[in-house]
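Topology and contacts: notes
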Amino acid sequence: MQSLKNIIGFITVLGLSWTAWYAWFPPPITHEPQGVRVWIPERPHLGALEDEKWRVFTKRMVWKKAVQDLQAKFRANNMNPVILERKEAVQLHVFDDPRTFVSRTEAEAARKEWNIDSVDILRRSDGTYMLGLGRFYLPEYAQLRQKALKALKKPYKYTQDIKIIPTYRFIFPAMSEQEAEVLWRNIQDMGAINPVMMTENEFNAMFVGSM
């Protein structure tokens, strides 16, 4: 009986010793290798892109006279694009003489001081007058006017405004990419600065509902 107790006590002590050893010196943790999964995005079917149609159209135009002149050139070359007309927000570049004049006579005298064209006498709501030195929707023209005004070394005021005005674009039918490239070059040679060329899907996303 006493020997049985000794055996049980020995086993108990041995178990406690193993538990203490495990707590202080745990076995190294090993990770089983797992398969690596790499996600590859699906590629579009190239055959569908080869058949996609393209559109060519002119950039936004705001001057009706320029629209009429370009339309006459297209007709002379047996080209009949559709004119897309819609109202858009366009930035207006405004140049003014900062002075105020009591009478139109004073404004007329001051206008002669400006050695540039398109100087307008404008009447204010309070009855006084001012000089408008140019209003331009095209930034290229605004830059030219600003350069001319700086060369005069006279004070002027420059501001910007947003106006909702009619705009115009000449739209050509959808065609193959090769045909669109040829048309793009022809339109540029006719005087349309940097016509636009894009896929039919891009065109629809930009102008759907406006045709």
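Refer to the structure presented above.
Cut-off values and rules
- Residues numbered from 1 in each chain as written.
- Predicted model: local features only at pLDDT ≥ 70, side-chain atom pairs only at ≥ 80, totals over all residues.
- Heavy atoms only, no water.
- Helix = DSSP H or I, 4+ residues; strand = E, 2+ residues; numbered from the N terminus.
- Buried < 20%, exposed > 50% of the residue type's maximum accessible area, 1.4 Å probe, protein only.
- Contact = heavy atoms within 4.5 Å.
- Areas by Shrake-Rupley, 256 points an atom, 1.4 Å probe, with all protein chains shown as cover.
- Phe/Tyr/Trp six-rings, centres within 6.5 Å; stacked < 30°, edge-to-face > 60°.
- Lys NZ or Arg CZ within 6 Å of the ring centre and 35° of its normal.
- 1 Å grid on protein atoms, 1.4 Å probe; cavity = no way out; pocket = protein on both sides within 12 Å on 5 of 7 lines; lining within 4 Å.
- Points joined across faces, edges and corners; volume = space filled by probe spheres on them.
- Nonpolar A, V, L, I, M, F, W, Y, C, P; charged D, E, K, R; others polar.
- Core = buried A, V, L, I, M, F, W, Y, C linked by side-chain atoms within 4.5 Å.
- Patch = residues over 30% accessible without salt bridge, like charges linked within 9 Å, V, L, I, M, F, W, Y side chains within 5 Å.
- Salt bridge = Lys/Arg side-chain N within 4 Å of Asp/Glu carboxyl O.
- Polar contact = N/O pair within 3.5 Å; in protein donor to acceptor, adjacent residues only side chain to side chain.

Some remarks on the overall build of the protein chain
Helix and strand content of the protein chain: seven helices and six strands. When the helices and strands of the protein chain are listed from N to C terminus, the series reads α-α-β-α-β-α-β-β-α-β-α-β-α. Taken over 211 residues, the protein chain has a buried fraction of 27%. By sequence separation, contacts in the protein chain at least 24 residues apart represent 76% of the contacts at least 6 residues apart. For the protein chain, the exposed surface amounts to about 15,800 Å²; the carbon and sulfur share of it is 57%.

Here's the deal with the packing of aromatic side chains
For the structure shown, the criterion picks out eight aromatic pairs. Through successive ring pairs, a cluster of aromatic residues spans Phe95, Phe136, Tyr156 and Tyr158. The ring of Trp114 is capped by Lys154, whose NZ or CZ atom sits 4.9 Å from the centre of that ring.

Some details on the layout of surface pockets
Rolled over the atoms, a probe with the dimensions of a water molecule shows which regions are left empty. Each pocket or cavity is described by its volume, and for the largest pocket that value is around 710 Å³. Together, 20 residues line the largest pocket, and Arg60, Met61, Leu138, Tyr141 and Ile193 are the ones closest to its centre. Breaking the lining of the largest pocket down by element, the ones donating at least two residues are α3 (64–76) and α5 (139–152). At four residues, the largest contribution of residues to the lining of the largest pocket is made by α3. For the lining of the largest pocket, the class distribution of residues is 12 nonpolar, three polar and five charged. Here the second largest pocket defines a volume of roughly 190 Å³. Surrounding the second largest pocket, Val62, Trp63, Leu92, Arg135, Phe136, Tyr137, Leu138 and Tyr141 form its lining. The residue makeup of the lining of the second largest pocket, split by class, is seven nonpolar, no polar and one charged.

A closer look at the nonpolar core
Counting residues in each nonpolar core, the largest one holds 16 residues, and the members touching the most others are Leu70, Phe74, Met79, Phe170, Phe172, Leu183 and Ile187. Those elements giving two or more residues to this core turn out to be β1 (54–57), α3, β5 (157–171) and α6 (177–189). When residues no more than four places from it in sequence are discounted, the contact partners of Met79 are Phe74, Phe172, Leu183, Ile187 and Met190. One finds Phe101, Ala107, Tyr129 and Leu131 within the second-largest nonpolar core, a separate group that totals 14 residues.

Some thoughts on a nonpolar patch on the surface
Side chains of Leu138, Tyr141 and Leu144 sit close together on the surface and give an oily, nonpolar patch of about 290 Å² of accessible area. Its place among the elements puts Leu144 in helix α5. Owing to a relative accessible area of 56%, Leu144 belongs among the exposed residues under this scheme.

A closer look at the side chain of Thr128
The residue Thr128 is located in the loop between β3 (120–123) and β4 (129–136) in this model. Within polar-contact distance, the side chain of Thr128 engages the side chain of Asp126 at 2.7 Å. When residues no more than four places from it in sequence are discounted, the contact partners of Thr128 are Thr100, Phe101, Val102, Leu122 and Arg123.

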